[in-house]
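Chain residues, written in single-letter form:
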Amino acid sequence: MADVVAAPEALRVVGRAVPRHDARDKAVAATAYAADWALPGMLHAAVLRSPYPSARIVKLDTARAAAMPGVAVVLTARDVPRNTLATDVPGQTATVGPLRATLHVLAEDRVRHQGEPVALVAAETLELARAAVEAIDVAYERTPGVFTPEAALAPGAPQVHAAGNLLAQWRIARGDVAAALAGAAVVVEGEYTTQLVDAAYLEPESGVAWIDSDGVITIRVSTQVIEHFRDVAEVLRVPQNRVRVIGTYLGGGFGGKEDVTVEVYLGLLALKTGRPVKMVWTRQESLLARAKRHPYRMRYRTGATAAGEILGQQIELLGDAGAYAYLSALVLLYSTVTAAGPYRVPSVEVQARVAYTNNPPTSAMRGFGGMQTVFAYESQMDRVARALGMDAVEIRRINALRRGDRLPVGQVIETHVALPELCERVWAALEPPTPPRAPHVRVGLGLACNLQPYGRIVWLHDWSSAWVGFEMDGSLVVRCGVPDVGGGQASSLCQIAAEVLGVSLERVSVHIADSALTPLAGTTTASRQLYMSGNAVLKASRELREQLLRVAETMLGAEAATLAMTGDLVHAPDGRTLALPDLLRECARAGVPRGHLAVYNAPAGEPVDLATGSGKVFPDYTYGAHAAEVEVDTETGVVRVLRYAAAHDVGRAINPQSVEGQIQGGAVQGLGYGCMEEVLVEDGINLTTSFATYLIPTAADVPDVEPVIVESGEGLGPFNARGIGEPPIGPPAAAVANAIADATGARLTRLPITAERVARALGRLDGTN
């Protein structure tokens, strides 16, 4: 169901819940994913990885492995043309140095985390490749490591990197926090801990590479970023136009395929052997080696008046980057900007740090730093409300941001904030409450809100491009380099183009994610593709429409401004129509292009000084409110989520069916984060490298999620849409924690919220929660 705050313009295709163009193939298992591709004469690749989290490589002899029959090549760091892989943020300036990071393609003299790549093998069969990996003679000398950020930042700690263990820090200081807390009627203090989490997508990292007839290294791969062709070219020391990346439809990404995974290995092996090469990580390898979500320790002090108005917050954030920087500095920046939540807070101090350790590396994951802080600030809001005897909805209504307010960083809120409406909708969705089914069972309700940026930081000068054009029969083609990660990114582009150009949706085809043949569109991350590529397609379609209608104007004898394109026809005010093929033939005769390339440039800005609260960081934000009803067994600590509602203001739903799917999927993933999932690491050793030990939600673990779509018509995307890919994952953990507190009075401050921790909080077990 959709709530419309602003009256929408009359639309034919946008706003309709239409099946996505790729839905049938996925439903009948006909979609060709990256691992489904094969070529004649193809080699199979495997990786030798370190079993230790911190060690020196004292011996690395590949002779026996290389001599094995059927082994084509064995590579180590000395065989890599440029063994440094840069994790660069496109568009960054020299003044944002912490956002630049590097790591080795293959380890050189030491390893810094378990699973770090040491050597590559390509062989005639996968079995041979794995046997050759085992045949490599490698010896390590274990060295002291650090396994918590607190230990890493302690004086005298072993150094993960020569520059020190502090990777990055950000600070916001606005107003007089000490005076605000001193003058508050109530001050609530809390420390919150979030865990190491894996993206846990069903499709592991995979791809195939070959050298085409023009000598171009072509890589067909499961990725969120086809622009990684530049990274491959840099490592191989070849021109960028000699590397092509073709993105497949993804079987899950969630940020885990934003960084380079198999691309460089495949390009390197194809270059060295001259043959096609395939690499598919095993489930164990995927869970062991890829970057995770950052674990955080967060300390909050929140002061409020007796009427519930928040006066000030003092916030400390400490994150674990693992062994390499990846995108940790950027993730921490998102956390810093969103740390106070979607509320007016006159005085704020945020101290945020992230440190290197010898744990698995951490990087991008859905929510990207805006998620961990939700658990803390929404727990704090609930605790303030309880201390003042206030309703959960009321305290959020009192403090919700409004248009014209400033975030602690100084950014002015320029669009509608529907937080009060969202809270009321989800709270009402859980009425009436479910009665407890037994004396030892308690039932409680919890509410949690969030704000999540969509689009990239404004000083990165983001852009996306798209081409839209007609074939002579009036069918329409959209070309855009967007990787489709399963959220309907490509289908949304078809709807936008069909809407503007009056074409039936079934007569639109789309070509995506080919760095050589589609206009580049940037990363499918940061909830940015609908905003960026959607606007690029919208711009291309509108400009193409203008040039076509100038021709139709002459043919119909009516001003272009009075003509309409709908139903595969051009309509004149007097009722006459012009078929698109006839218009296109006249365009061909007159030399008027039937296609158009457009580039959308996002609003840009320069880096701000966070400490002075001096300016804009993100283009805009998506706001959400979730409510959970939980049942707590006070004898065992087992928690069951009975009902769940999730509301988001999406500005305009391009495809309500896709929006509902994003809200439901994000909420379920967030419930897994809140209640089940954790990568257990002991002294740098990952203990959860299968789905038998790393638990993710199944249909039996979660209720049906009731999605509530609110359309304010105020987003910055096409037709005023807002990004919705990431926002729904944020509130669930806090909503469940708040519901448990409502049911039992026990406050859970560490994720995941397991039965054991709940039982401890209720005094059924010794220890802490």
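Residues numbered from 1 in each chain as written. Predicted model: local features only at pLDDT ≥ 70, side-chain atom pairs only at ≥ 80, totals over all residues. Heavy atoms only, no water.

Trainee: Which parts of the structure should I look at to understand the packing of aromatic side chains?
Mentor: The description of an aromatic ring pair uses the distance of the two centres, along with the angle that the planes make with each other. By the definition in use, this model includes 8 aromatic pairs. Residues Tyr 334 and Phe 368 carry aromatic rings whose centres are separated by 4.8 Å and whose planes lie at 70 degrees to one another, so their mutual orientation is edge-to-face. With Tyr 334 in helix 9 (residues 328-338) and Phe 368 in the loop between strand 18 (347-356) and helix 10 (372-388), this residue pair connects regions lying 34 residues apart in the sequence. Assessed through its relative accessible area of 4%, Tyr 334 is described here as buried. Taken together, a centroid distance of 5.9 Å and an interplanar angle of 80 degrees make the contact between Phe 618 and Tyr 621 edge-to-face. Taking the relative accessible area as the measure of exposure, Tyr 621 reaches 1% and is therefore buried. Over the ring of Tyr 201 we find Arg 290, and its NZ or CZ is 4.1 Å from the ring centre. Above the ring of Phe 719, the side-chain terminus of Arg 542 is found at 5.9 Å from the ring centroid. (Phe/Tyr/Trp six-rings, centres within 6.5 Å; stacked < 30°, edge-to-face > 60°. Helix = DSSP H or I, 4+ residues; strand = E, 2+ residues; numbered from the N terminus. Buried < 20%, exposed > 50% of the residue type's maximum accessible area, 1.4 Å probe, protein only. Lys NZ or Arg CZ within 6 Å of the ring centre and 35° of its normal.)

Trainee: Looking at this structure, how should I read the sheet that holds strand 26 (residues 595-601)?
Mentor: Sheet strands pair by backbone hydrogen bonding; their relative direction is either parallel or antiparallel. Ordered by their spatial adjacency, 4 strands build an open sheet running 22-21-20-26, and the pairing between neighbours is mixed. The outermost strands of the open sheet, each flanked by one partner alone, are strand 22 (508-512) and strand 26. With strand direction ignored, the average angle separating the axes of adjacent strands in the sheet is 20 degrees. (Pairing = 2+ DSSP bridges. Axes fitted to C-alpha atoms, helices over the stretch in contact; angles between N-to-C directions.)

Trainee: Whenever I open this one, the packing of helix 16 (residues 656-675) against helix 17 (residues 732-744) confuses me. Can you help?
Mentor: Angle between the axes and distance between the axes: these two values describe a pair of packed helices. Put simply, helix 16 and helix 17 touch, their axes get as near as 7 Å, and they point 55 degrees apart. By the angle between their axes, helix 16 is oblique relative to helix 17. Taken as a pair, helix 16 and helix 17 cross one another with a handedness that is right-handed. Listed contacts from helix 17 to Ala 667, Gly 670, Leu 671, Tyr 673, Gly 674 and Cys 675 of helix 16 are Pro 732, Ala 733 and Val 736. Split into classes, the residues belonging to the contact of helix 16 with helix 17 amount to 7 nonpolar, 2 polar and no charged. (Parallel < 35°, antiparallel > 145°, perpendicular 65-115°, else oblique. Left-handed = near helix turned anticlockwise from the far one by under 90°. Contact = heavy atoms within 4.5 Å. Nonpolar A, V, L, I, M, F, W, Y, C, P; charged D, E, K, R; others polar.)

Trainee: Mind showing me how you'd approach the side chain of Ser 533 here?
Mentor: Mapped onto the elements of the fold, Ser 533 is located in helix 14 (residues 529-556). Those residues in contact with Ser 533 that lie beyond four places of it in its chain are Ser 464, Cys 480, Val 482, Leu 493, Ala 521 and Arg 528.

Trainee: Sorry, what's going on with helix 12 (residues 419-429) here?
Mentor: Structural remark: α-helix, 3.6 residues per turn; residues separated by three or four positions point the same way. Within helix 12, burial applies to Leu 419, Leu 422, Cys 423, Val 426 and Trp 427. The buried residues of helix 12 all sit within an arc of 125 degrees when viewed along its axis, so they share a single face. (Arc of directions from axis to C-beta.)

Trainee: Mind showing me how you'd approach the pairing of strand 14 (residues 243-247) here?
Mentor: On a regular strand, each side chain points to the face opposite its neighbour's, so the side chains alternate between the two faces of the sheet. With 5 of 5 residues buried, strand 14 is to be regarded as a mostly interior element. Of the two faces of strand 14, both are covered, the one formed by Val 243, Val 245 and Gly 247 as well as the one formed by Arg 244 and Ile 246. Viewed along the sheet, the connection from strand 13 (residues 217-221) through helix 6 (residues 229-236) into strand 14 turns out right-handed. (Right-handed = clockwise from strand over helix to strand, strands pointing away.)

Trainee: Explain the state of the cysteines to me, please; I cannot follow it from the model alone.
Mentor: Cysteine pairs can be covalently joined through their sulfur atoms, and such a bond is termed a disulfide. For the structure on display, the rule yields 0 disulfides. Of all cysteine sulfurs in the structure, the one in Cys 494 sits closest to Cys 480, which takes part in no disulfide; the separation is 10 Å. Cys 480 gets classed as buried once you look at its relative accessible area, which sits at 0%. The thiol of Cys 675 is unpaired, and the distance to the nearest cysteine sulfur, on Cys 449, comes to 18 Å. (Disulfide = S-S within 2.5 Å.)

Trainee: When you look at the sheet that holds strand 24 (residues 569-571) in this model, what are you seeing that I'm missing?
Mentor: Taken in spatial order, the 3 strands of this open sheet run 23-24-25, and their pairing is antiparallel. Whereas interior strands pair on both sides, the edge strands pair on one side only; in this sheet they are strand 23 (564-566) and strand 25 (577-579). Across the sheet, the mean angle from the axis of one strand to that of its neighbour is 25 degrees, orientation sign disregarded. Across 3 bridges, the pairing between strand 23 and strand 24 is antiparallel. Residue pairing in the sheet places Met 565 in a bridge with Val 570 of strand 24.

Trainee: I tried to follow the nonpolar core on my own but got confused; where do I start?
Mentor: Formed by 125 residues in total, the largest nonpolar core has its most connected members in Ile 457, Val 617 and Tyr 644. No other element matches the 8 residues that helix 17 contributes to this core. Grouped together as the second largest cluster of nonpolar side chains are 95 residues, Leu 103, Val 478, Val 592 and Tyr 600 included. (Core = buried A, V, L, I, M, F, W, Y, C linked by side-chain atoms within 4.5 Å.)

Trainee: Please explain the environment of Thr 562 as it appears in this structure.
Mentor: For Thr 562, the location among the structural elements is in the loop between helix 14 and strand 23. In this structure Thr 562 touches His 571 and Pro 573, once residues within four positions along its chain are discounted. Within the structure, the side chain of Thr 562 is placed 2.6 Å from the backbone oxygen of Glu 559, a separation counted as a polar contact. (Polar contact = N/O pair within 3.5 Å; in protein donor to acceptor, adjacent residues only side chain to side chain.)

Trainee: Got a minute to help me understand the environment of Ala 418 in this structure?
Mentor: Considering the arrangement of structural elements, one finds Ala 418 in the loop between helix 11 (392-399) and helix 12. Exposure remark for Ala 418: the relative accessible area of 0% places this residue in the buried category.

Trainee: Would you take a moment to explain helix 16 for this structure?
Mentor: For helix 16, which comprises 20 residues, the first-to-last C-alpha distance of 28 Å matches the rise-based estimate of 28 Å (1.5 Å per residue) to within 8%. One side-chain oxygen of the residue at the start of helix 16 lies 3.0 Å from the amide nitrogen of Gln 657, identifying that residue as Asn 655. (Expected span 1.5 Å × (residues − 1).)

Trainee: Whenever I open this one, the pairing of strand 12 (residues 206-211) confuses me. Can you help?
Mentor: Judged by how many residues are buried, strand 12 sits mostly within the fold: 5 of 6 residues are covered. Two elements, strand 12 and strand 15 (residues 277-280), share 4 bridges in a ladder whose sense is antiparallel. Considered in strand 15, the bridge of Ala 209 is made with Val 277. Bridge count for strand 12 against strand 13 is 5 bridges, and the pairing is antiparallel. Looking at the pairing, Ile 211 lines up with Ile 217 of strand 13.

Trainee: When you look at the domain arrangement of the chain in this model, what are you seeing that I'm missing?
Mentor: Often, the extent of an interface is quoted as the loss of accessible area on bringing the components together. Per the domain assignment, the segments of the chain are domain 1 (8-31 + 463-601), domain 2 (34-143 + 205-280) and domain 3 (296-400 + 412-457 + 607-761). For domain 1 versus domain 2, the separation of C-alpha centres amounts to 37 Å. Contacts between domain 1 and domain 2 engage 22 residues on the former and 18 residues on the latter. Considering only the surface of domain 1 that becomes buried against domain 2, Val 485, Ser 515 and Leu 520 emerge as the three largest contributors, covering 29% of it. Applying the counting criterion to the domain 1 and domain 2 interface returns 1 salt bridge. With a shortest N-O distance of 2.6 Å, Asp 514 and Arg 244 are connected by a salt bridge. Taken together, the links from domain 1 to domain 2 amount to 7 residue pairs in polar contact (both at pLDDT 80 or more). Among the residues making up the side of domain 1 that touches domain 2, the classes are represented as 9 nonpolar, 9 polar and 4 charged. (Domains from an automatic or database assignment. Buried area = accessible area lost by both parts, 1.4 Å probe. Salt bridge = Lys/Arg side-chain N within 4 Å of Asp/Glu carboxyl O.)

Trainee: Mind showing me how you'd approach unusual backbone geometry here?
Mentor: Leaving glycine out, the prevailing phi sign among residues is negative, and the prevailing peptide bond configuration is trans. Along the chain, Glu 431 connects to Pro 432 via a cis peptide bond; the corresponding omega equals -10 degrees. Along the polypeptide, Pro 432 turns up in the loop between helix 12 and strand 19 (441-454). In this model, Ala 29 sits at a positive phi of 60 degrees, which is unusual for a non-glycine residue. Mapped onto the elements of the fold, Ala 29 is located in the loop between helix 1 (23-27) and strand 2 (43-49). Despite not being glycine, His 461 shows a phi value in the positive range, around 50 degrees. For His 461, the location among the structural elements is in the loop between strand 19 and strand 20 (463-470).

Trainee: Mind showing me how you'd approach the pattern of salt bridges here?
Mentor: Think of it this way: side chains of opposite charge can pair up when their charged atoms draw near. Within this structure, the stated rule accounts for 36 salt bridges. Between Asp 25 and Arg 24 there is a salt bridge, and its shortest N-O distance comes to 3.9 Å. We classify Arg 24 as exposed; its relative accessible area is 60%. Of the charged contacts in the structure, one is a salt bridge between Arg 290 and Asp 198, with a shortest N-O distance of 2.4 Å. Pair noted here: Arg 290 is in the loop between helix 8 (283-289) and strand 16 (296-304) and Asp 198 is in the loop between strand 11 (186-193) and strand 12, with a separation of 92 residues, a long-range link. Residue class for Arg 290 comes out buried when judged on its relative accessible area of 3%. It is possible to trace a salt-bridge network through shared partners that takes in Glu 378, Asp 382, Arg 386, Arg 396, Asp 742 and Arg 747.

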